[in-house]
Amino acid sequence: MIKLVILDFDGTMADTRSLIVRTMQKVIATLHLDKRTDEECAAMIGLPLRETFTTLLPINKEQGQECERLYREIFAASDPIKSVQLFPKVLETIAALHSKGITLTIASSRGHESLDAYVEEMHLAPYIHYVLGAEDVEHAKPQPDAVLKTLRELGFTPEETLVVGDMTYDILMGSRAGAHTCGVTYGNGTREELLSVNAESIIDDFEQLLTICQE
């Protein structure tokens, strides 16, 4: 039985794709870097910011640091809270899982400043027991650090844990920690990509988590 659910945020709980891609494109244009398509930008979602740009573009770490700084500046000026909404049935499903005694946490590559603001403004705080952001682990997704730290802090085992995400990075993070994994198809990754890293379950609707957690 699943007792702990570790959730990705971007593309799993909230529809942040257009805001993230738009901000990335502004960074690229402002710094006169090589152009990338929206699809290429979206494929980076889930990585830490600096790694996002050094993976996407032929730039060094120092340039990646400048991209990260400018991204945060542009993002903060875009009124990000009002620009983003939860996916359908996310809040209701999280409330239902919480009522069943399941512990819910978030493991995100997003920094705490915006992540904590989203959790509060989207009325998730009463149901989310623990939040890990980019600053909280040494090694980001797809390494298992965030899952392992959550397990240590909360006292759960991998066998009673489900990691839920929309990208291969999330699934690999969970499987490398020995946890169960579930991919969602409505975010930034495809069903084929999620299957390629052996996601145990794949859902098209967040509400389907209720069934998976009862199995």
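One can find the structure itself at the top, above this paragraph.
Just so we're clear, the structure is a prediction, and the values are computed from it rather than from any experiment. (Residues numbered from 1 in each chain as written. Predicted model: local features only at pLDDT ≥ 70, side-chain atom pairs only at ≥ 80, totals over all residues. Heavy atoms only, no water.)

> Give a detailed account of a negative patch on the surface, specifying residues and quantitative values.
Residues Asp116, Glu120, Glu121 and Glu135 make up a contiguous surface patch of negative charge. For Asp116, the location among the structural elements is in helix H7 (residues 112-121). (Patch = residues over 30% accessible without salt bridge, like charges linked within 9 Å, V, L, I, M, F, W, Y side chains within 5 Å. Areas by Shrake-Rupley, 256 points an atom, 1.4 Å probe, with all protein chains shown as cover. Salt bridge = Lys/Arg side-chain N within 4 Å of Asp/Glu carboxyl O. Lys, Arg positive; Asp, Glu negative; His and termini not counted. Charge placed at Lys NZ, Arg CZ, Asp CG, Glu CD. Helix = DSSP H or I, 4+ residues; strand = E, 2+ residues; numbered from the N terminus.)

> Residues and numbers for unusual backbone geometry, please.
Apart from glycine, the bulk of residues carry a negative phi angle, and the bulk of peptide bonds sit in the trans form. Going from Lys141 to Pro142, the amide bond is cis rather than trans, its omega being 10 degrees. Mapping Pro142 onto the fold places it in the loop between strand E3 (128-132) and helix H8 (145-154). Of note, the phi angle at His32 is positive, near 55 degrees, even though the residue is not glycine. Positive phi outside glycine occurs at His123, with the angle close to 65 degrees. On the secondary structure map, His123 appears in the loop between H7 and E3.

> Break down the side chain of Thr103 for me, with residues and values.
By the secondary structure assignment, Thr103 is in strand E2 (residues 103-107). A relative accessible area of 18% places Thr103 in the buried class. Those residues in contact with Thr103 that sit more than four places away from it in its chain are Lys3, Leu4, Val5, His129, Leu154 and Phe156. (Buried < 20%, exposed > 50% of the residue type's maximum accessible area, 1.4 Å probe, protein only. Contact = heavy atoms within 4.5 Å.)

> Give a description of helix H1 (residues 17-30) that names residues and reports values.
Here H1 contains 14 residues, and its C-alpha end-to-end distance of 20 Å stays within 8% of the 20 Å for a straight helix at 1.5 Å per residue. Three or more residues of H1 are buried, namely Leu19, Ile20, Val21, Thr23, Met24, Val27 and Ile28. On its buried face, H1 is in contact with helix H2 (38-42), helix H3 (49-56), helix H4 (61-76), helix H5 (80-83) and H7. (Expected span 1.5 Å × (residues − 1).)

> Tell me about the pattern of salt bridges, and please be specific about residues and values.
Under the defined criterion, the tally for this structure stands at eleven salt bridges. Between Glu160 and Lys3 there is a salt bridge, with its nearest N and O atoms 3.6 Å apart. With Glu160 in the loop between H8 and strand E4 (161-165) and Lys3 in the segment before strand E1 (4-7), this residue pair connects regions lying 157 residues apart in the sequence. Of the residues examined, Lys3 reaches a relative accessible area of 42% and is grouped as partly exposed. Between Lys141 and Asp170 there is a salt bridge, and its shortest N-O distance comes to 2.7 Å.

> Could you give an account of helix H6 (residues 90-99), with specific residues and numbers?
Every buried residue of H6 is listed here: Val90, Thr93, Ile94 and Leu97. Projected onto a plane normal to the axis of H6, the buried residues spread over an arc of 100 degrees and lie on a single side. Among the exposed residues of H6, those pointing more than 90 degrees away from its buried face are Glu92 and Ser99. Directly beyond the C-terminal end of H6, a positive phi value near 90 degrees is found at Gly101. (Arc of directions from axis to C-beta.)

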